[in-house]
Amino acid sequence: MTVYVIAQLKFTDEARYRTYQAAATKLFMEKGIRVLAADEAPVVLEGEWSGDKVVVMAFDDEAAARAFLEGPDYQAISEDRRAGARSTAIMIKGF
């Protein structure tokens, strides 16, 4: 069953985040990761939101998502993401 990973980010060190972003873009392309949306100007329709960016990725299943996100390649570049942004990420099941 397809799962979606949704990340909300608030930049804390934009230069470090941009370093992560460049490496992540390359890694996503190499690994065939499906990024469905990445928006630095999301429109809030209801409620409060103070983030700077939202990213939505699709994976074939939970095992594939965890294998990528917890794997050594992604973890190696995630240091810059953690240094460059506060993030909240969730995984949801598709229909």
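This one's a predicted model, so the numbers in the text were calculated from it and none came from an experiment.

## Notes on the environment of Arg16
Assignment of secondary structure puts Arg16 in helix H1 (residues 14-31). Considering only alpha carbons, one finds Arg16 and Tyr4, twelve residues apart in sequence, at a separation of 25 Å. Those residues in contact with Arg16 that sit more than four places away from it in its chain are Glu79, Asp80, Ala83 and Gly84.

## Here's the deal with the packing of aromatic side chains
Per the stated rule, a full pass over the model turns up seven aromatic pairs. Ring geometry for Tyr20 versus Tyr74: centroids 6.2 Å apart, planes at 80°, classification edge-to-face. One end of the pair, Tyr20, is in helix H1; the other, Tyr74, is in helix H3 (residues 72-84), with 54 residues separating them in the sequence. For the ring pair Phe59 and Phe68, a centre distance of 6.1 Å and an interplane angle of 35° mean the geometry is tilted. A residue is classified by how much of its surface remains accessible, and Phe68, at 10% relative accessible area, is buried. Among the aromatic residues, those joined into a cluster by ring pairs are Phe11, Tyr17, Tyr20, Phe28, Phe59, Phe68 and Tyr74. Just above the ring of Tyr20 sits the side chain of Arg81; from NZ or CZ to the centre is 5.9 Å.

## Description of the layout of surface pockets
Approximately 450 Å³ is the volume found for the largest pocket. Lining the largest pocket are 25 residues, and of these Ala7, Tyr20, Met57, Leu69 and Tyr74 lie nearest its centre. Breaking the lining of the largest pocket down by element, the ones donating at least two residues are strand S1 (3-11), H1, strand S2 (34-39), strand S3 (53-59), helix H2 (62-69), H3 and strand S4 (85-93). Here the residues of the lining of the largest pocket are counted per class, giving 17 nonpolar, four polar and four charged.

Conventions used here
Residues numbered from 1 in each chain as written. Predicted model: local features only at pLDDT ≥ 70, side-chain atom pairs only at ≥ 80, totals over all residues. Heavy atoms only, no water. Helix = DSSP H or I, 4+ residues; strand = E, 2+ residues; numbered from the N terminus. Contact = heavy atoms within 4.5 Å. Phe/Tyr/Trp six-rings, centres within 6.5 Å; stacked < 30°, edge-to-face > 60°. Buried < 20%, exposed > 50% of the residue type's maximum accessible area, 1.4 Å probe, protein only. Lys NZ or Arg CZ within 6 Å of the ring centre and 35° of its normal. 1 Å grid on protein atoms, 1.4 Å probe; cavity = no way out; pocket = protein on both sides within 12 Å on 5 of 7 lines; lining within 4 Å. Points joined across faces, edges and corners; volume = space filled by probe spheres on them. Nonpolar A, V, L, I, M, F, W, Y, C, P; charged D, E, K, R; others polar.

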